[in-house]
Amino acid sequence: MQTISNRVESLSASQTLAMSQKSAELKAAGIDVINLSVGEPDFPTPEHIKVAAEKAIEDNFSFYTPVAGYMSLRKAISAKLRNENGVEFAPEQIVVGNGAKHALANVIMATVNPGDEVIIPTPAWVSYIELVKLAGGIPVLAATDITSDFKISAAQLAEAVTEKTRAIIMCSPSNPTGSVYSREELQALVYVLAQHPGVLVIADEIYEHILYTGGEFVSLGTFPQIKDRTVIINGVSKAYAMTGWRIGYCACPPEIAKAITKLQGQMTSGASSIAQKAAEAAYTGPQECVEEMRKAFERRRDMVVEMARAIPGFKVNVPNGAFYLFPEVSAYFGKTAPDGRTITNASDLAIYLLEVAHVAMVDGAAFSAPGYIRMSYATSDDNLREAFSRISKALAALC
Ligand code: PMP
Ligand code: GLU
C-alpha cells in the first residue's frame, strides 16, 4: 500500500467527470443511459479548425512549443480580447495552457499562499474550491440561491472580504446555474472591490459566447477600477466545441504571466503544437459556427425550461447563458420510491434517476448547493425529450 500525499488525499474527485464516467460505464454495459451530467458541446469541432490541425501536422509543427504558447496564438488571443471584449492584454500577458481548467490551476498556484482566503460565490463549478485547497488557500463561500437568480450582491461581497482575502473567482455566464450578471450588477461588485486593492479578480469567462437573447456579456476586465488586477480565464472548449483539444488561457498582469510561465515550464511545458494551431484557426477564422451552436443551445434552453416547469417538484430559474439547468428539487425529499428506497437529498435523487430512469445528472452538492441537481442540455433534442419523459415518470412514482 503506497502512501499518498496529504494534499491529494484531501482532494475531492471531480464529480462532473465522475458522473460522466459512470454513465459511460453503464452505457458500455448495455444500459441505455442519457447523459445530462457532463457539460460539453455535443457538436463536432468546425471543419476549418480541423483542417488547420491537419495542416499543422503536414507542416511539421511537431516540436516543443514555447512554454507560454506560440506567439501567433497569443497575438490572436490578444486581438480577440480587444475586439470582442474591449480589454487590452499584450500577447506577453497571455499564457496558453492545457484547457481553461489548467489555466485556472496555474493562476491559483501562482498567486495564492497557504492561509490566503479566496472568495467563491456558490453554486460554483466543481474545481474552484478544490484548486484553492490544493494551493493551501481557504475557500470562503458566498452562498446564493434561486431567489436571487444565484447572484451575489455587493453587500454579500463586502461581508465576505477580510484582510486575508487574496482573490475572488467569478463565473458569468455561470456553470452550474446559467445565470449571467448584468453590467449594473457587476458594477456594484466592482465598487466594493475597488475598496480592496489587494484582491485579485479571477474572471472565468469560458461561457461568454453561450449567451441568450436579451443577455449582454460584460468582461470584468472592462472596469477601470480593477483592470490592473483582473485575470481572465477563457479557452476554446465551449465556444468552438473543442473540449478534447485542451487549449485554454489566462490573460493577466505581466508579473503573474511570468510566474505562471515559470510554473508551467516545470510542470507541463507548452501546450500541444497541433491543438494550438487549431485554436489559432478558431480565433482568426470565420465565426458563424459559434453563432450556429449558440442558437441551438438557446432553442434547447427554451425546450428544457418548458419541460422542467411541467414537473411539479422542480423549481427552475431561466438560465440566460451556458448550457445547464439547475432545478431546486427539495420537494422530493422524504418521499419513497416503489422499490422502498427513501430520497433524503439531491444525491439520492440523482442516483434514483440514474438507476431507474437511466438519466445521468449531477448532485448540486458537488457545486456546494445541496437541494439542487444540474442537468446539461448540450445534447440532442430527441435525447432531451426522452430524458424528461423518463424523469417525469420516475418522479411521479415517488410518494
Ligand atoms: N470553467 C468552467 C466554468 C467550466 O465549466 C469548464 C469546463 N468544465 C472549465 C472552466 C474548463 O474548461 P476546459 O475544457 O477549457 O478545461
Ligand atoms: N464543464 C464541464 C462540466 O462542468 C466539464 C467537466 C469538468 O471539467 O468539470 O461538466
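Here, the structure is the one placed above.
Reference entry: report on the structure contained in this document. Please read all numbers here as calculations on a predicted model, not as lab measurements.

Brief notes about the packing of helix α11 (residues 288–309) against helix α13 (residues 381–396)
For step 1, the next point in the chain: Between α11 and α13, whose axes approach to 11 Å, the crossing angle comes to 10°. With respect to each other, α11 and α13 are oriented roughly parallel. Mapping the contact onto sequence places R299, R300, M303, V304, M307 and A308 in α11 and D381, L384, R385 and F388 in α13.
For step 2, the next point in the chain: Residue composition of the contact of α11 with α13, grouped by class: six nonpolar, no polar and four charged.

Things to note about empty space enclosed by the protein
For step 1, the next point in the chain: Within this structure, the stated rule accounts for three cavities of 30 Å³ or more.
For step 2, the next point in the chain: What the largest cavity holds in volume is close to 130 Å³.
For step 3, the next point in the chain: As for the largest cavity, its lining consists of 16 residues, of which P121, P123, C171, S174 and Y181 are closest to the centre.
For step 4, the next point in the chain: Only β3 (117–122) and β5 (165–171) provide two or more residues apiece to the lining of the largest cavity.
For step 5, the next point in the chain: Element by element, the count of residues in the lining of the largest cavity is highest for β5, at three residues.
For step 6, the next point in the chain: Residues that form the lining of the largest cavity fall into these classes: ten nonpolar, six polar and no charged.
For step 7, the next point in the chain: Here the second largest cavity is characterised by a volume of approximately 70 Å³.
For step 8, the next point in the chain: Lining the second largest cavity, in full, are M170, C171, S172, L186, A203, D204, E205, F217, V218, S219 and L220.
For step 9, the next point in the chain: The set of elements that each furnish at least two residues to the lining of the second largest cavity consists of β5 and β6 (200–204).
For step 10, the next point in the chain: For the lining of the second largest cavity, a count of residues per class yields seven nonpolar, two polar and two charged.

Side note on the pattern of salt bridges
For step 1, the next point in the chain: Counted by the stated rule, this structure contains 24 salt bridges.
For step 2, the next point in the chain: For the salt bridge of K55 with D59, the shortest nitrogen-to-oxygen distance reads 2.5 Å.
For step 3, the next point in the chain: Close ionic contact of D149 with K151 constitutes a salt bridge, the shortest N to O distance being 3.7 Å.
For step 4, the next point in the chain: Residue classification places D149 among the partly exposed residues on the basis of a relative accessible area of 25%.

Topic: the site of ligand 1
For step 1, the next point in the chain: Of all residues adjacent to ligand 1, which total 13 residues, the nearest are A100, N175, D204, Y207 and K238.
For step 2, the next point in the chain: Contacts to ligand 1 include A100, whose backbone N or O atom sits 2.7 Å from an oxygen atom.
For step 3, the next point in the chain: Between N175 and ligand 1, the recorded distance is 2.7 Å, taken from a side-chain N or O atom to an oxygen atom.
For step 4, the next point in the chain: Isolated, ligand 1 exposes 400 Å² of accessible area, and the fraction of that covered by the protein chains is 92%.
For step 5, the next point in the chain: Taken atom by atom, the bulk of ligand 1 overlaps the largest pocket.
For step 6, the next point in the chain: Looking at the shell around ligand 1, its residues break down into six nonpolar, three polar and four charged.

With respect to the packing of aromatic side chains
For step 1, the next point in the chain: The tally for this structure, following the rule as stated, stands at 14 aromatic pairs.
For step 2, the next point in the chain: Taking the centre distance of 5.5 Å and the plane angle of 70° together, the rings of F150 and Y372 count as edge-to-face. A residue pair is termed long-range when its members are at least 10 positions apart, and F150 in the loop between β4 (138–143) and α7 (154–160) and Y372 in the loop between β11 (362–363) and β12 (373–376) qualify at 222 residues.
For step 3, the next point in the chain: What makes F150 buried here is its relative accessible area of 6%.
For step 4, the next point in the chain: A relative accessible area of 7% places Y372 in the buried class.
For step 5, the next point in the chain: Ring geometry for F314 versus Y332: centroids 6.3 Å apart, planes at 85°, classification edge-to-face.

Section: the sheet that holds β12
For step 1, the next point in the chain: Read across the open sheet, the three strands follow the order β9-β12-β11; overall the sheet is antiparallel. Here the strands that pair on one side only, and so sit at the sheet edges, are β9 (324–325) and β11.
For step 2, the next point in the chain: In terms of strand pairing, β11 meets β12 through two bridges, oriented antiparallel. Counted as the bridge partner of V362 is R374 from β12.

Observations concerning the site of ligand 2
For step 1, the next point in the chain: Taken together, 13 residues form the shell around ligand 2, and within it T16, G39, N175, K238 and R374 come nearest.
For step 2, the next point in the chain: Between an oxygen atom of ligand 2 and a side-chain N or O atom of N175, the distance comes to 2.9 Å.
For step 3, the next point in the chain: Here a nitrogen atom of ligand 2 sits 3.3 Å away from a polar atom, N or O, in the side chain of Y324.
For step 4, the next point in the chain: Protein coverage of the free-state accessible area of ligand 2, which is 280 Å², stands at 90%.
For step 5, the next point in the chain: At a threshold of 2 Å from the grid points, most atoms of ligand 2 map onto the largest pocket.

What counts, and where the lines are drawn
- Residues numbered from 1 in each chain as written.
- Chains lettered and ligands numbered in written order.
- Predicted model: local features only at pLDDT ≥ 70, side-chain atom pairs only at ≥ 80, totals over all residues.
- Heavy atoms only, no water.
- Axes fitted to C-alpha atoms, helices over the stretch in contact; angles between N-to-C directions.
- Helix = DSSP H or I, 4+ residues; strand = E, 2+ residues; numbered from the N terminus.
- Parallel < 35°, antiparallel > 145°, perpendicular 65-115°, else oblique.
- Contact = heavy atoms within 4.5 Å.
- Nonpolar A, V, L, I, M, F, W, Y, C, P; charged D, E, K, R; others polar.
- 1 Å grid on protein atoms, 1.4 Å probe; cavity = no way out; pocket = protein on both sides within 12 Å on 5 of 7 lines; lining within 4 Å.
- Points joined across faces, edges and corners; volume = space filled by probe spheres on them.
- Salt bridge = Lys/Arg side-chain N within 4 Å of Asp/Glu carboxyl O.
- Buried < 20%, exposed > 50% of the residue type's maximum accessible area, 1.4 Å probe, protein only.
- Near = heavy atom within 4 Å.
- Polar contact = N/O pair within 3.5 Å; in protein donor to acceptor, adjacent residues only side chain to side chain.
- Areas by Shrake-Rupley, 256 points an atom, 1.4 Å probe, with all protein chains shown as cover.
- Sits in = over half its atoms within 2 Å of the grid points.
- Phe/Tyr/Trp six-rings, centres within 6.5 Å; stacked < 30°, edge-to-face > 60°.
- Pairing = 2+ DSSP bridges.

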